[in-house]
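Structural overview for review
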Amino acid sequence: MFIVEHIGGESVGIGGIDEWTEALLMEIPRILAHRNDPGVRGRFFQDAVPSEADANAEFRAAMDPELEHLFASAEKILIKDLARIEDGFVAIPDTHVRAWMDALNQARLILGEWYTIEEEDLRASAFDPGDERDVAALKVHFFGAMLHQFTQL
Amino acid sequence: MNRNWKQDPAVWSATEPGVIRFEDTETQDQLDLPWNVIVHNDPINLMSYVTMVLQRIFGYPRVKAETLMMEVHHLGRSVVWSGGREHAEHYVHQLHGYQLLATMEKLEL
């Protein structure tokens, strides 16, 4: 099981990355590539003032490009860090923690939108490895377990 | 509200002798109305993640952040902050950056 912990020197270590964990982490960039798909994009780029159309449009025009940049940066940082995994371990600077959390959460949300995963799906105890939706829910759990460890740093 | 109607020029003015006209202050009141920042429930975001985000953005202590998070979880939404419009926009943008579902609305009186 992976462990996320401070290792000193303003760094965070992600250890215990077995082959299965590494394979799932390597899937994240492929999942994030679907962030702008129809049906997914709306989850990330939201209306802020639903009661006022003009104010809302103004908000979106100003804020959406910033969010695009934020989400894309997180993805780039994660991809670079993933390439440095060696012997089941990678050390990342503290400054990359937000990017990892963003990327892990984005992956969860994209899977959630794709497969319309609800709370009861995440509570289900039955698992069919041949069912794409069950596999997606498992990945949401997996990325969530790592994200939780980041929140506890 | 106790106001001195004879001395407060904001609420009356004499346009002709013997006539007192009350000023309409509703427009100014509307401008000053605070805005609520609302976080909405979604099935994917982790409870621990939502708690951490509320602590980071608003500087809330853990207990308060957890209380608000539980309100979101059980009631479907929670007013996490109230105040001026510009600040509300800033906070909603930050919440969107953390991928929480968030909107803002004018406080209803």
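Before going further, it helps to spend a moment on unusual backbone geometry. Peptide bonds are mostly trans, and most non-glycine residues show a negative phi. Residue and element names in this part refer to chain A. For glutamate 10, which is not glycine, the phi torsion reads 55° and is therefore positive. Examined against the element boundaries, glutamate 10 turns out to sit in the loop between strand E1 (3–8) and strand E2 (11–15). According to the relative accessible area criterion, glutamate 10 is exposed, its value standing at 64%. Of note in the backbone geometry, aspartate 87 takes a positive phi value of approximately 50° without being a glycine.

What follows deals with the side chain of B:His96. Turning to its location among the elements, B:His96 is positioned in helix H4 (residues 85–97). Here the side chain of B:His96 touches B:Ala102 through a polar contact of 2.7 Å, landing on its backbone oxygen. Beyond its immediate stretch of four places on either side in the chain, B:His96 contacts A:Gln46, A:Asp47, A:Ala48, A:Phe59, A:Leu67, A:Phe71 and B:Ala102.

This next bit is on a nonpolar patch on the surface. Residues and elements named next belong to chain A. Together, Trp20, Phe127 and Leu138 make up an exposed nonpolar region whose accessible area comes to about 320 Å². Tracing the chain through its elements places phenylalanine 127 in the loop between helix H5 (119–123) and helix H6 (132–151). Taking relative accessible area as the criterion, phenylalanine 127 reaches 44% and is therefore assigned partly exposed.

Right, let's talk about the environment of B:Val53 for a bit. Residue and element names in this part refer to chain B. Looking at the secondary structure, you find valine 53 in helix H2 (residues 47–58). Of the residues examined, valine 53 reaches a relative accessible area of 0% and is grouped as buried. In sequence terms valine 53 and methionine 69 are 16 residues apart; their C-alpha atoms lie 9.9 Å from each other. If we ignore the near neighbours within four places in the chain, the residues touching valine 53 are Leu95, Tyr98 and Leu100.

Overall, the coordinates contain 15 salt bridges over all chains when judged by the stated rule. Across the pair A:Glu52 and B:Lys106 runs a salt bridge whose closest N-O atoms are separated by 3.8 Å. Of this pair, A:Glu52 sits in the loop between helix H2 (41–44) and helix H3 (53–82) while B:Lys106 sits in strand E5 (residues 101–106), each in a different chain. By relative accessible area, A:Glu52 is classed as partly exposed at 23%. Looking at B:Lys106, the relative accessible area reads 28%, which means it is partly exposed. Between B:Arg85 and B:Glu89 there is a salt bridge, with its nearest N and O atoms 3.5 Å apart. Separated by four residues within a single helix, B:Arg85 and B:Glu89 lie in helix H4, roughly one turn from each other. With a relative accessible area of 28%, B:Arg85 lands in the partly exposed category. Overlapping salt bridges, with partners in common, bring together A:Glu52, B:Arg85, B:Glu89 and B:Lys106 in one network.

The rules behind these values
Residues numbered from 1 in each chain as written. Chains lettered and ligands numbered in written order. Predicted model: local features only at pLDDT ≥ 70, side-chain atom pairs only at ≥ 80, totals over all residues. Heavy atoms only, no water. Helix = DSSP H or I, 4+ residues; strand = E, 2+ residues; numbered from the N terminus. Buried < 20%, exposed > 50% of the residue type's maximum accessible area, 1.4 Å probe, protein only. Polar contact = N/O pair within 3.5 Å; in protein donor to acceptor, adjacent residues only side chain to side chain. Contact = heavy atoms within 4.5 Å. Patch = residues over 30% accessible without salt bridge, like charges linked within 9 Å, V, L, I, M, F, W, Y side chains within 5 Å. Areas by Shrake-Rupley, 256 points an atom, 1.4 Å probe, with all protein chains shown as cover. Salt bridge = Lys/Arg side-chain N within 4 Å of Asp/Glu carboxyl O.

By themselves, these observations are geometric and do not establish any function.
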